[in-house]
Amino acid sequence: MIAVILILAALALLIFSQRYAWWRPAVDYRYPRILMYHMVAEHRKGARFNKLRVRPGMFERQVRWLKEQGWHFASMTDLMQNRKLPEKTVVITFDDGYADNYLQAYPVLKKYGAKATLYLVVDRFDRDWSTSKKAHHDSGELMHEPKLSDDQVREMLASGLVELGGHTLTHANLAKLDREARTREVVSGREQLQQTFGQPVSSFAYPFGIYDEQDVSICAEAGFLSAVTTEEGINRDRFSDPYRLKRVKISGKDSMLAFRLRMKTGQRGWKR
Ligand SMILES: [Zn+2]
């Protein structure tokens, strides 16, 4: 009987360790963490993209924890213009432009004085971009998700806490386009944001995290200082390769423990 209990306990510990990899050492806190969020919203029953929905209560717990633990909030522009940033610098990023970024996340950012960078799709209304990655993603779930209005974006920008980043005109899958069309998506996307909102746009996020050498050079030529991917991790030298920056993925399924481990190591669990 005792042997069975011991074996079960060992098994549970093994599964827990494999899942959270709590034993991994922290990545040096001199290296900033760039966090990737999409929506801040309650989960929808049976929805495909709940991983992209961080619950509002959880989002507040995460930001409060960052504040309490002495993390320094920066924008992507801060990150790329300052070689010397304090230890424990964190950049919160939101992709796409969901209305809940204004309704749910923005009040929390204000409450804790946290900065964020918003990678905004220009033509974001009534578009189902999930299908341009995988054709079977045709549920319309992301299409029907309310998007930020230009006025909501303006209000967030006026606070000084939020800055804009480029995320193309239409959330295009760049790999499916020729160079001319890619350039239009990236360059016109940047110009239109700057025109509409009257603010500089210095960072870019590849839609779906899909990019190749061509896209890297297009971003550089377009005048972006940096581009972020969806590759998980913490950048040890952001200036040597500024157009392939990794991010720390924050999943809607994460517990606080998982979040803390991601802040420590850049990922949750046992990968690589
Ligand atoms: Zn996106």
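Residues numbered from 1 in each chain as written. Predicted model: local features only at pLDDT ≥ 70, side-chain atom pairs only at ≥ 80, totals over all residues. Heavy atoms only, no water.

An unreviewed UniProt entry lists the protein chain under the name Polysaccharide deacetylase, with Sedimenticola thiotaurini given as the organism.

Caption draft 1: Summary view of the pattern of salt bridges. Tallied over the entire structure, the rule returns 17 salt bridges. Note that Asp254 is salt-bridged to Arg262, the shortest N-O span being 2.6 Å. Arg262 shares its class with Asp254; the two are buried. Residues joined by salt bridges that share partners form a network here, namely Arg44, Arg53, Glu141 and Glu145. (Salt bridge = Lys/Arg side-chain N within 4 Å of Asp/Glu carboxyl O. Buried < 20%, exposed > 50% of the residue type's maximum accessible area, 1.4 Å probe, protein only.)

Caption draft 2: Expanded view of the side chain of Asn50. Mapped onto the elements of the fold, Asn50 is located in the loop between β2 (39–40) and β3 (53–54). Using a relative accessible area of 8% as the deciding quantity, one classes Asn50 as buried. (Helix = DSSP H or I, 4+ residues; strand = E, 2+ residues; numbered from the N terminus.)

Caption draft 3: The pairing of strand β9 (residues 226–232), seen in detail. Among the seven residues of β9, five are classified as buried, and the element is accordingly described as predominantly covered. Of the pairings in the sheet, the one linking strand β8 (residues 203–205) to β9 comprises three bridges and is parallel in character. Bridged to Ser203 within β9 is Ser226. Handedness of the β8-helix α8 (residues 213–222)-β9 crossover: right-handed. For β9 and strand β10 (residues 245–249), the ladder comprises two bridges, and the chain directions are parallel. Within β10, the residue paired with Val228 across the bridge is Leu245. (Pairing = 2+ DSSP bridges. Right-handed = clockwise from strand over helix to strand, strands pointing away.)

Caption draft 4: Geometry of the side chain of Thr117. With respect to the helices and strands, the residue Thr117 is situated in strand β6 (residues 116–120). Within the local environment of Thr117, its side chain forms a polar contact with the backbone nitrogen of Met76, the two atoms lying 3.1 Å apart. The residues touching Thr117, leaving out its near neighbours within four places in the chain, are Ser75, Met76, Val91, Ile92, Thr93, Phe94, Glu163, Leu164 and Gly165. (Polar contact = N/O pair within 3.5 Å; in protein donor to acceptor, adjacent residues only side chain to side chain. Contact = heavy atoms within 4.5 Å.)

Caption draft 5: Looking closely at the packing of helix α4 (residues 100–112) against helix α6 (residues 150–158). Interaxial distance between α4 and α6 falls to 10 Å at its minimum, and their mutual angle equals 25°. As far as their axial angle goes, α6 and α4 are roughly parallel. Between α4 and α6 lies a crossing of left-handed hand. Along its contact with α4, which presents Asn101, Tyr102, Leu103 and Tyr106, the element α6 presents Gln152, Glu155 and Met156. Grouping the constituent residues of the contact of α4 with α6 by class yields four nonpolar, two polar and one charged. (Axes fitted to C-alpha atoms, helices over the stretch in contact; angles between N-to-C directions. Parallel < 35°, antiparallel > 145°, perpendicular 65-115°, else oblique. Left-handed = near helix turned anticlockwise from the far one by under 90°. Nonpolar A, V, L, I, M, F, W, Y, C, P; charged D, E, K, R; others polar.)

Caption draft 6: α6, seen in detail. Along α6, the residues classified as buried are Gln152, Val153, Met156 and Leu157. The buried residues of α6 all sit within an arc of 135° when viewed along its axis, so they share a single face. Turned more than 90 degrees from where α6 packs its buried face, Asp151 and Ala158 sit exposed. The elements touched by buried residues of α6 are α4, β6, β7 (162–166) and α7 (179–197). (Arc of directions from axis to C-beta.)

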